[in-house]
Amino acid sequence: THLGKYLKWNMAFYQTNSQNDILFLNSPGSVINGYFSNVGATRRQGIEFGLSGIVLESLNWYLSYGLVDATFQTSAVLGNALGAQQVHPGDKIPSIPENTVKFGSEYEILEGWVFGGDLQYASSQYARGDNGNQAPQLPSYTVVNLNTRYTLTKNIELFAFGRNIFDQHYKTFGQLGQNFFQNGQATQFWGPGAPATGYAGVRISF
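Residues numbered from 1 in each chain as written. Predicted model: local features only at pLDDT ≥ 70, side-chain atom pairs only at ≥ 80, totals over all residues. Heavy atoms only, no water.

### Describing the pattern of salt bridges
Throughout the structure, instances matching the rule amount to six salt bridges. The salt bridge partner of K92 is D69, with a shortest N-O separation of 2.6 Å. Taken together, the residues span a long stretch of sequence, with K92 in the loop between β7 (83–87) and β8 (99–110) and D69 in strand β5 (residues 59–72) at a distance of 23 residues. Note that R149 and E106 form a salt bridge whose closest N and O atoms lie 2.8 Å from each other. In this pair, R149 is assigned in strand β10 (residues 141–151) and E106 in strand β8, connecting sequence segments 43 residues apart. Its relative accessible area of 25% is what places E106 among the partly exposed residues. The network of salt bridges with shared partners includes E106, R149, E157 and R203. (Salt bridge = Lys/Arg side-chain N within 4 Å of Asp/Glu carboxyl O. Helix = DSSP H or I, 4+ residues; strand = E, 2+ residues; numbered from the N terminus. Buried < 20%, exposed > 50% of the residue type's maximum accessible area, 1.4 Å probe, protein only.)

### Here's the deal with the packing of aromatic side chains
Evaluation of the coordinates by the stated rule reveals four aromatic pairs. Ring centres 4.6 Å apart and planes at 25 degrees place the aromatic pair Y141 and Y170 in the stacked group. Residue Y141 is located in strand β10, and its partner Y170 is located in the loop between β11 (156–163) and β12 (171–179); the two are separated by 29 residues in the primary sequence. An aromatic cluster is built from F159, F161 and Y199, whose rings are joined through pairwise contacts. Note that K171 overlies the ring of W190, its terminal NZ or CZ placed 4.3 Å from the centroid. It is R203 that lies over the ring of F159; its NZ or CZ is 4.1 Å from the centre. (Phe/Tyr/Trp six-rings, centres within 6.5 Å; stacked < 30°, edge-to-face > 60°. Lys NZ or Arg CZ within 6 Å of the ring centre and 35° of its normal.)

Keep in mind these numbers describe shape, not what the thing actually does.
Here you go:
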């Protein structure tokens, strides 16, 4: 929906109810092997909201927000790498951050030279396998990226990117399992986010 010439917005509400939902469950003692199983009723509901616009003909920007409430709706005993775990109605489905935010903008500093950046935020989430929500959640994280490009000719463009410029140490994924280096002690295995990186190059089109 347009609000005048320079502003657009969108909003959506949704709710999805599944009966006899099927999820991947880990086999006892394994963080790799597993099987698909019916887990009863589940619900995914939430809001998606977005804004975007143009300022002074040279600054483009956007903002988006997502809320996802993903829960089990029936009681069940579900297996994971540690064994069996009791699940109750209202427990959160793992590996789904409840809140996400994305913001970005680009500004044309000079004709043909554009500088921009974006911010990405994800709230905490339960590790996969923790269907009963008994272990601590993976913490939320925020990542900031920058980019620039310059059109040298109609066929040649110079570009550069900086990812995670503040070198945030964050985790995007978690998995419950047994640490065999510590006598099978229960632990969380994490998928770390990429560290600060940067690269530049030339695009040539014909």
